[in-house]
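# Coordinates in review
For reference, the chains in residue letters:
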Amino acid sequence: MSSDADGPATPTESADPVLAVDGLRKRYDDTVALDGVDLAVADGEFVAVVGPSGCGKSTLLRVLSGLEAEFDGRVAVDGTDVRDGGSDAVGMVFQEPRLLDWADVRENVAVGLPADVDPQSPAARDRVDDLIETIGLDGFAESHPDELSGGMAQRVALARGLAYDPSVLLLDEPFSALDRLTKADQQDHLLDVWEARDTTVVLVTHDVEEAVYLADRVVVLGGQPGSVASVVDVDIDRPRERADPELVALRREVTTALGR
Amino acid sequence: MATDAGTETRTIGPVAAPSIDRFRPLLGLVVPAALVVVWHVVVATGVIAAYQLPTPLRVAETLYGLAASGELWGHVAITLQRVVLGAGLGIAVGVVFGTATGLSRTASDLLDPLLQSLKNIPSLAWVPLFLLWFGIGETAKVLLIAVGAFFPVYLNLSTGIAAVDEELLEVAEVYDLGRIESLRRVVFPAALPDLLVGIRGGVGLAWMFVVAAELIAASQGIGFLLSDGRTLARPDIIVGSILLFAFLGNCSDVAVKEVRDRVVGR
C-alpha cells in the first residue's frame, strides 16, 4: 500500500478503497496539523472521524475535498490523486449550510449538479426535485434559505452534495449547530439517505455518541500533530438503538481512545 | 373615537393605526407645500423683490409657456440624452474596472490607488480639460458625465466582489463550478446589491456633472436654460430650471431604487 502507489491490485484490508490516504502530512506555515495519517474507506462504507478540537479533523476533510492543494503523502479518490482531479469525485457538506441566500432551494441544490449536466434540462430538474423530495423538503423548492430552519437548510446542503453524485460524501460536523431533537432526526435522515443511495460517507464529528450510532467504523484522531490514534469497528446491525448496551460500551471505548 | 375611551382602548389601537399609515407618505408633502405658500406670500407682499424671486405661479407660467411653445422639450430631451449616454458609459466602464480589480489582486494593486485619487477631483475641474480635448460638442459632455457616473459604480462593485464570502467560493470549488460558472452563479449575484448601490450613486452624480457641463459649454439643455436665465435676468427661468433638475433627478433616483428593490428583493 505504501510502496507502489498506483496499480489496481493494491493490497489493502478490503477491496479497492474508494478513498485512500497514505502518510498524509499537512502543515500551515510553522504548525503541522496532520502527520502520518493513514485511512482507507471502502465503497459504500460509513466512516466517522472523531477527535478533540484542534486535532486536524476539519483539515483532513479540507485535504480530501481538494480545498488544500499543498500537502505531503498520498490522498486518492477512486485511484486518482486529489491534486490531479480526484477531488472532483468528492462532495462536501460544511459545518454551516453555506447556501446562496439569493437563490431558492431548487437552484441551491442544482449548484451541486456535475459540470456536464445542464441545470436547465428536464432530466436535471427531475433529479433536483427528486433530491428535494429525498430530503423531505417537497413544497419548499421555491423557498429561499432565510425562510428555512437551521435543520432544513442543512438538509438542502446535503441534497446539494448528493446532486453531485460523489464517490465520497464528506460531512464536516453538519449537525453541530442543531438542537438535540433536530440533530437526532437529521442523523436518522442521513442514515436513510445513505442506505437508499449506497453513498460512501466520511463524517467528521466531535460527538462520540453520533459517531458510534451512525458509522460502520470510527476513526479516532489524536495528538498534535494529529494522526490516527485508533480505529473502532461498530459491528451492530441497523436500525440501532441509541441505548443499546453494546453501543454504549463502544462509546466508552471511543471515549477512552480519545484520552478522556 | 373619543367617546368611551376607557373601555375601548384595545380596539382603538389597531383601528386607528392603519388610517394614520395610509396618509403617512403624504406627510412629506406638508413642508414643501407650506414653503410654496410662504414663498408666494413673501414675494407678493414685497418682502423679496419680484425681479430677484418670482412668485411660484410665475415660475409655473414660464415653464408652461416654454412647454407650450415646444422650446422646453428640446432642452429636456438633450439633457436626458446626455445623462443616459454618459451614465450608461460610466456604468459600463465602472463594471469592467470594478470586476477586474475585484477579481484580481494584481489589477487592484495596479489600478486602485490611481482611481482612488482621481475620484477626489471635483467635477468642474475636468471641464476645461475636456473642452480642450474634445471640443464643445456632445463628446466632451457625455464623457464628463461618464467620469461622474464611473466612480461610485467602480468603488462599490470592486469592494463588493472582493468581499464575496470565502465560504461560498469554497462551495463553488468543491462542486467544480469552474471560473465562469462560479462568477455567474456565485460572485456576481453576491455583489449585485453593491453594484446597484453604485449605480444609484452614479446616476446621482451624472445629474451633478450634466449641470457642470451645460453651464459652461452648451447651447441647449436645462443647464443652458439655467445660465441663459441669468444672462437674460429672468429669475423665473432660473428657478424653473432648478425645479426641472430636481424633478428629473428624483424620477431617475426613484426608478433606480425601484429596480434595486425588485432585484434584491425584500
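Just so it is clear, the structure is predicted and the values come from calculations on it, not from any experiment.

## Brief notes about empty space enclosed by the protein
Evaluation of the coordinates by the stated rule reveals two cavities of 30 Å³ or more. Lining the largest cavity are Val127, Phe130, Leu131, Ala140, Lys141, Leu144, Ala213 and Ala217 of chain B. For the lining of the largest cavity, the secondary structure elements donating two or more residues are α5 (123–134) and α6 (138–162) of chain B. Residue classes in the lining of the largest cavity are distributed as seven nonpolar, no polar and one charged. Taken as a whole, the second largest cavity holds about 30 Å³ of empty space. Every element with two or more residues in the lining of the second largest cavity is listed here: α4 (150–163) and α5 (180–197) of chain A. Along the lines of polarity and charge, the residues of the lining of the second largest cavity split into three nonpolar, three polar and one charged.

## A word on the pairing of strand β6 (residues 90–93) of chain A
All names here are of chain A. By the alternation rule, side chains of β6 split into Val90 and Met92 and Gly91 and Val93, which are all buried. Pairing of β6 with strand β7 (residues 168–172), which is carried by four bridges, proceeds in the parallel orientation. Looking across to β7, one finds that Met92 is bridged to Leu170.

## A short note on the interface of chain A and chain B
Between chain A and chain B, the residue contacts involve 25 residues of the former and 14 residues of the latter. Taking both partners together, chain A and chain B bury about 1,700 Å²; carbon and sulfur atoms supply 55% of that area. Joining chain A to chain B, the criterion identifies three salt bridges. Across the salt bridge formed by Arg62 of chain A and Glu170 of chain B, the nearest N and O atoms sit 2.8 Å from each other. In this assembly, chain A and chain B are joined by six residue pairs in polar contact (both at pLDDT 80 or more). Put simply, the parts of the chain that give the side of chain A that touches chain B at least two residues each are β6 and α4 of chain A. For the side of chain A that touches chain B, the residue count by class is 13 nonpolar, five polar and seven charged.

## Describing the packing of helix α8 (residues 178–216) of chain B against helix α9 (residues 222–231) of chain B
Residue and element names in this part refer to chain B. Between α8 and α9, the shortest axis-to-axis distance is 7 Å and the interhelical angle comes to 50 degrees. Between α8 and α9, the angle falls in the class oblique. Handedness of the crossing formed by α8 with α9: right-handed. Note on element contacts: α9 touches α8 through Ile222, Gly223, Phe224, Leu226 and Ser227, opposite Val211, Glu214 and Leu215. Looking at the contact of α8 with α9 residue by residue, the class counts come to five nonpolar, two polar and one charged.

## Observations regarding the nonpolar core
In terms of nonpolar packing, the biggest core is built from 50 residues, with Phe46, Val109, Val156, Leu171, Val212, Val218 and Val254 of chain A touching the most fellow members. At eight residues, the largest contribution of residues to this core is made by α4 of chain A. Not counting chain neighbours up to four residues away, the residues in contact with Val212 of chain A comprise Val218, Val234, Arg240, Leu247, Leu250, Arg251 and Val254 of chain A. Core analysis: the second largest hydrophobic core is formed by 45 residues, Ile145, Val147, Val153 and Ala206 of chain B among them.

## Observations concerning the packing of α5 of chain B against α8 of chain B
All names here are of chain B. Where α5 meets α8, the axes come as close as 10 Å, and the angle between the chain directions of the two elements is 50 degrees. Taken together, the axis directions place α5 and α8 in an arrangement best described as oblique. When you trace α5 past α8, the crossing you get is right-handed. Residue-level inspection shows Ser123, Leu124, Trp126, Val127 and Leu131 of α5 in contact with α8, the latter providing Phe209, Ala212 and Ile216.

## Focus: the confidence of the model for chain B
All names here are of chain B. Scored by pLDDT, chain B has a mean of 88; 92% of the residues are at 70 or more. Between the elements of chain B, mean pLDDT differs from a low of 74, seen in helix α1 (residues 5–44), to a high of 95, seen in helix α3 (residues 71–103). Counting contacts from residues 1–13, a segment whose pLDDT is below 50, to residues more than four positions away or on other chains yields three contacts.

## Things to note about a nonpolar patch on the surface
Residues and elements named next belong to chain B. On the surface, Leu27, Val30, Val31 and Leu35 cluster together into a nonpolar patch covering about 400 Å² of accessible area. Within the fold, Leu35 resides in helix α1. Look at Leu35 and you get exposed, because its relative accessible area is 56%.

## Observations concerning the side chain of Arg160 of chain A
Position of Arg160 of chain A among the secondary structure elements: in helix α4. Put simply, Arg160 of chain A is tucked away with no salt bridge, and the nearest opposite charge, on Glu96 of chain A, sits 8.2 Å away. Among the polar contacts made by the side chain of Arg160 of chain A, one reaches the main-chain carbonyl oxygen of Pro97 of chain A at a distance of 3.0 Å. Among all residues touching Arg160 of chain A, those that are not within four sequence positions of it are Pro97, Arg98, Leu99, Asn108, Val109, Val111 and Gly112 of chain A together with Val171 and Tyr175 of chain B.

Calculation rules
Residues numbered from 1 in each chain as written. Chains lettered and ligands numbered in written order. Predicted model: local features only at pLDDT ≥ 70, side-chain atom pairs only at ≥ 80, totals over all residues. Heavy atoms only, no water. 1 Å grid on protein atoms, 1.4 Å probe; cavity = no way out; pocket = protein on both sides within 12 Å on 5 of 7 lines; lining within 4 Å. Points joined across faces, edges and corners; volume = space filled by probe spheres on them. Helix = DSSP H or I, 4+ residues; strand = E, 2+ residues; numbered from the N terminus. Nonpolar A, V, L, I, M, F, W, Y, C, P; charged D, E, K, R; others polar. Buried < 20%, exposed > 50% of the residue type's maximum accessible area, 1.4 Å probe, protein only. Pairing = 2+ DSSP bridges. Contact = heavy atoms within 4.5 Å. Buried area = accessible area lost by both parts, 1.4 Å probe. Salt bridge = Lys/Arg side-chain N within 4 Å of Asp/Glu carboxyl O. Polar contact = N/O pair within 3.5 Å; in protein donor to acceptor, adjacent residues only side chain to side chain. Axes fitted to C-alpha atoms, helices over the stretch in contact; angles between N-to-C directions. Parallel < 35°, antiparallel > 145°, perpendicular 65-115°, else oblique. Left-handed = near helix turned anticlockwise from the far one by under 90°. Core = buried A, V, L, I, M, F, W, Y, C linked by side-chain atoms within 4.5 Å. pLDDT = per-residue confidence, 0-100. Patch = residues over 30% accessible without salt bridge, like charges linked within 9 Å, V, L, I, M, F, W, Y side chains within 5 Å. Areas by Shrake-Rupley, 256 points an atom, 1.4 Å probe, with all protein chains shown as cover. Lys, Arg positive; Asp, Glu negative; His and termini not counted.

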